[in-house]
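Read off the chains here:
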Amino acid sequence: MKSSETFEVEVRGIRIEAETVRSFELWPVSGELPAFTAGAHIGVQVSPGVIRQYSLTNALERHRYVIAVHRDAGGAGGSMYMHDSVTLGSRLTVTAPLNHFPLNEAAAHSVLVAGGIGVTPLLSMVRRLCELGLSWDFYYCARVPARAAFLRELEELATASYPKGRLHCVFDGEPGATSLNLDDVLAGHRSDSDFYCCGPVPLMDAFSATFAGLPPERVHVEYFKAPAAATVGEGAAFTVRLSRQGKTFVVPPNRSILDVLKENGVPMLSSCQQGICGTCETRVVEGVPDHRDHVLTPEERASNQTMMICVSRCKGEALTLDI
Ligand code: FES
């Protein structure tokens, strides 16, 4: 199954995981679900044509997916729909799993830093590390324990795997508490560890700055929101050709390829429209993309095989895409 294909699942479990977080157990309507790897996410259709991305938190099972959703009253509405309208027995349309935040199972040691709902992809990684008997340290930042989803599960995983697995909680909303010191995290672990971070943009930016001196292949981040400085698809005009449909369009300076395709009736799956989820990844047939996403690795960018058409543009005058 391609990541752009959708299928139906049924909600068979809903749990309150923290003050503002609910988890949803999604079971196949028939057969098995597509396989996934730790760190993967799926897209959930929350209204016609609108897909929201949620990390898979469970072990690598084929009979169910488990996602967790933070209720964001100031968001675009996807989380409110999940909290207020989805009930046991609801059918949801989802996309197959994608993983742009994979776990390196060959690492000497894994250090994971979560902020708030950023715990979700990292929880799946901890489950996998425990299953493989590998060592890990997990730094979990939240304001207070009541807002830390899956805290008890993480404590149980750490207890069961100690001393290979260790959980370090940083609740900076508690009296006298301080925030996580990332310099201490860097200094406190063997330099051949792999380091992961998922959480709010300020934590991610601080993490990227602190670990900038390490080889890039050992530093892994997954953004839920694009960094403030991100450029969202503006630049010089160029031509985009669709190799299978035989159509050609001009992409003006202030529009993205995705915008132009949608405006011209070319159906494309998309979600974040900020270059962070991977939903709109499209194969490049010819031309050199100007990559502006936060999904592809430096090697993937250099290969020019695919691009995120919601933000990335063209380094020359024309691109040909496999559409
Ligand atoms: Fe999310 Fe393009 S829609 S990367």
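Here is what the cut-offs are and how they apply
- Residues numbered from 1 in each chain as written.
- Predicted model: local features only at pLDDT ≥ 70, side-chain atom pairs only at ≥ 80, totals over all residues.
- Heavy atoms only, no water.
- Pairing = 2+ DSSP bridges.
- Helix = DSSP H or I, 4+ residues; strand = E, 2+ residues; numbered from the N terminus.
- Axes fitted to C-alpha atoms, helices over the stretch in contact; angles between N-to-C directions.
- Contact = heavy atoms within 4.5 Å.
- Buried < 20%, exposed > 50% of the residue type's maximum accessible area, 1.4 Å probe, protein only.
- Parallel < 35°, antiparallel > 145°, perpendicular 65-115°, else oblique.
- Left-handed = near helix turned anticlockwise from the far one by under 90°.
- Nonpolar A, V, L, I, M, F, W, Y, C, P; charged D, E, K, R; others polar.
- Core = buried A, V, L, I, M, F, W, Y, C linked by side-chain atoms within 4.5 Å.
- Arc of directions from axis to C-beta.
- Salt bridge = Lys/Arg side-chain N within 4 Å of Asp/Glu carboxyl O.
- Phe/Tyr/Trp six-rings, centres within 6.5 Å; stacked < 30°, edge-to-face > 60°.

In this section: the sheet that holds strand E8 (residues 136-142). With parallel pairing, the five strands of this open sheet are ordered in space as E9-E8-E7-E10-E11. Each edge of the open sheet is held by one strand with a lone partner, namely strand E9 (165-171) and strand E11 (219-223). Taking each pair of neighbouring strands and ignoring which way they run, the sheet shows an average axis angle of 15°. Taken together, the seven bridges between E8 and E9 define a ladder with parallel strand orientation. Counterpart to Asp137 in the pairing with E9 is Arg166. Lying on the sheet, helix H3 (residues 151-161) is in contact with E8 and E9; it crosses E9 at an angle near 145°.

What follows concerns the sheet that holds strand E13 (residues 247-251). Ordered in space as E13-E12-E18-E14-E16, the five strands form an open sheet in which the pairing is mixed. Each end of this open sheet is capped by a strand with a single partner; those strands are E13 and strand E16 (306-308). With direction set aside, neighbouring strand axes in the sheet form an average angle of 40°. Judged from the five bridges that link them, strand E12 (residues 238-242) and E13 form a sheet pairing that is antiparallel.

This part takes up the side chain of Ser312. Mapped onto the elements, Ser312 comes out in the loop between E16 and strand E17 (313-314). You can call Ser312 buried: its relative accessible area is 1%. With near-sequence residues (within four places) excluded, Ser312 lies in contact with Ile257, Asp290, His291, Arg292, Asp293 and Met307.

The amide bond that connects Tyr162 to the next residue, Pro163, takes the cis arrangement and shows omega of 5°. We note that Gln273 has phi near 55°; this positive angle belongs to a residue other than glycine. With respect to the helices, strands and loops of the structure, Gln273 is situated in the loop between helix H6 (257-263) and strand E14 (281-286). With a relative accessible area of 34%, Gln273 lands in the partly exposed category.

A few words on the packing of helix H2 (residues 119-132) against H3. At a minimum axis separation of 11 Å, H2 and H3 run at an interaxial angle of 25°. On the basis of the axis angle, H2 is roughly parallel to H3. For the crossing formed where H2 meets H3, the hand is left-handed. Seen from H2, the contacting residues are Val119, Leu123, Val126, Arg127 and Cys130; seen from H3, they are Glu153, Leu154, Leu157 and Ser161. Class assignment for the residues of the contact of H2 with H3 results in six nonpolar, one polar and two charged.

This part takes up the nonpolar core. Counting 28 residues, the largest nonpolar core has Leu112, Val119, Leu122, Met125, Trp136, Phe138 and Tyr140 as the members making the most contacts within it. Counting residues per element, the ones that place at least two in this core are strand E7 (110-115), H2, E8, H3 and strand E10 (194-199). Filtering out sequence-adjacent residues up to four positions away, Leu112 remains in contact with Leu122, Met125, Val126, Leu129, Trp136, Asp137, Phe138, Tyr139 and Tyr196. Judged by nonpolar contacts, the second largest core, of 23 residues, contains Leu258, Leu296, Ile309 and Ile323.

Three- or four-residue spacings in an α-helix give side chains the same orientation, since the helix completes a turn every 3.6 residues. Residues of H3 that are buried include every one of Leu151, Leu154, Leu157, Ala158 and Ser161, and no others. Buried residues in H3, looked at end-on, bunch into an arc of 125°, giving them a common side. Exposed residues pointing more than 90 degrees away from the buried face of H3 are listed as Arg152, Thr159 and Ala160. On its buried face, H3 sits against H2, E8 and E9.

Attention now moves to the environment of Ala142. Take Ala142: it is sitting in strand E8. Once the C-alpha coordinates of Ala142 and Ile117 are considered, the two residues, 25 residues apart in sequence, prove to be 8.9 Å apart. Each residue touching Ala142, except ones within four places of it in the same chain, is listed here: Ala148, Val170, Phe171, Asp172 and Gly173.

A word on the pattern of salt bridges. One pass over the full model with this rule turns up 21 salt bridges. Asp192 is the partner of Arg190 in a salt bridge, and the nearest nitrogen-oxygen pair spans 2.7 Å. Of the residues examined, Arg190 reaches a relative accessible area of 47% and is grouped as partly exposed. Linked through salt bridges whose partners overlap, the residues forming this network are Glu8, Glu10, Arg12 and Arg91.

Let us look at the packing of aromatic side chains. As enumerated under the stated definition, the model contains five aromatic pairs in all. Ring centres of Phe138 and Tyr140 lie 5.9 Å apart, and the angle between their planes is 80°; this geometry places the pair in the edge-to-face category. The pair formed by Phe138 and Tyr140 is uniform in burial state, with each residue classed as buried. Between Phe195 and Phe211, the aromatic rings sit 4.8 Å apart at their centres with planes inclined by 40°, giving tilted as the arrangement. Of the two residues, Phe195 is situated in strand E10 and Phe211 in the loop between helix H5 (201-210) and E11; the sequence distance between them amounts to 16 residues. Take Phe195 and Phe211: they sit in the same class, and that class is buried.

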